[in-house]
Structures are given as structure tokens and as C-alpha cells.
Amino acid sequence: MDSRLKALERKQKLYSLLKDQHDAEIKELMHYMSALPVVENNLVRSYLHTLLSDGLRHIEYISSIMADIEGATGSSILTKKGIAASMEDEKASRDALLKCAEMADDPETAALLKSVSVDEEHHIRILEHLSELVESAK
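Computed from a predicted structure; not experimentally measured. (Residues numbered from 1 in each chain as written. Predicted model: local features only at pLDDT ≥ 70, side-chain atom pairs only at ≥ 80, totals over all residues. Heavy atoms only, no water.)

Novice: Please clarify how the pattern of salt bridges should be interpreted in this entry.
Specialist: Pairing of side chains with opposite charge becomes possible as their charged atoms draw close. Tallied over the entire structure, the rule returns five salt bridges. Put simply, Asp23 and Lys19 hold a salt bridge, and the shortest N to O gap is 2.9 Å. With a gap of four residues between them, Asp23 and Lys19 both fall in helix α1 (residues 2-35), about one helical turn apart. In this structure Asp23 comes out as partly exposed when scored by relative accessible area, which is 37%. Between Asp95 and Arg94 there is a salt bridge, and its shortest N-O distance comes to 3.0 Å. Judged by its relative accessible area of 41%, Asp95 falls in the partly exposed class. We classify Arg94 as buried; its relative accessible area is 19%. (Salt bridge = Lys/Arg side-chain N within 4 Å of Asp/Glu carboxyl O. Helix = DSSP H or I, 4+ residues; strand = E, 2+ residues; numbered from the N terminus. Buried < 20%, exposed > 50% of the residue type's maximum accessible area, 1.4 Å probe, protein only.)

Novice: Teacher, can you tell me more about the environment of Lys6 here?
Specialist: Within the secondary structure, Lys6 sits in helix α1. Look at Lys6 and you get exposed, because its relative accessible area is 53%. Along the sequence, Lys6 and Leu52 sit 46 residues apart, while their C-alpha atoms lie 37 Å from each other.

The values are spatial; any link to function lies outside them.
Here it is as C-alpha cells:
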């Protein structure tokens with residue numbers, strides 16, 4: 001019994017440390033993303049994109065390990081309900097971006113916001129297809 005208790009405590013400690021690292025990775029991502037709009041140097045922008053890409057991968061790895069510790073599958077996004085929720089989030093983002101584009105003072109800002117809203121629409125279509133794939137796999 002004592003060895004099982006120690007193993008459980010060790011897992012809880014590991015989970016806590018992973019959670020701290022997960023939060024730190026998110027904080028770093030937010031920092032890099034906030035720097036991107038003001039950086040004009042292409043090399044620096046490229047480095048920031050690399051840091052962002054690596055950070056996303058790190059979060060994916062850490063989240064997977066945390067899900068294993070929790071005993072979760074980590075695939076709630078791939079349920080019909082999870083995909084529907086993601087689609088609703090994407091639709092809300094698209095609508096908010098279009099509203100912001102209408103309120104923008106200059107045409108360049110409006111065009112940029114509309115461009116991002118087109119990406120959101122594409123994400124919705126991807127999620128619709130993903131939903132069909134998940135349904136057909138059942």
C-alpha cells in the first residue's frame with residue numbers, strides 16, 4: 001500500500017509540475033504573439049514563428065502526458081459534441097471579426113480582418129468535414 005501511495009504522490013507532483021510548464025508555455029506563446037505585429041525584421045519574425053511553432057508542439061506533448069495521468073483520452077475535440085462546440089467558436093470568431101472590419105477606420109485594417117474571417121470560415125468547413133469523418137468511422 002505504501003508503494004502505491006508514493007506512486008500516486010509522485011504522479012500528482014509530476015502533474016503539478018507539468019501544469020506549471022503548460023501554463024508557462026501558454027504565457028510564452030502569448031508574449032511571442034503580441035510581439036509579432038510590431039516586428040518588421042523578417043529574420044526576427046521567422047524566429048518568433050519558430051518559437052510559436054515549437055511552443056504549440058510542447059503544449060501538445062505536455063497536454064498528452066497530463067491526459068494520460070488523468071486517465072483521459074484527450075480526444076474530446078473529436079466527439080460530435082466537441083466538434084460542434086469548436087464550430088460554434090469559429091463561427092463566433094468569424095462574426096466578431098466581420099463586425100470589427102465594419103468598424104475599422106482604414107481599409108487596410110478592414111481587409112486584414114476580413115481575411116482572417118475567411119480563414120475562420122475555412123476552419124468551419126474543415127470541422128464540418130472532420131465531423132463527417134468521425135461519424136463515418138463509428
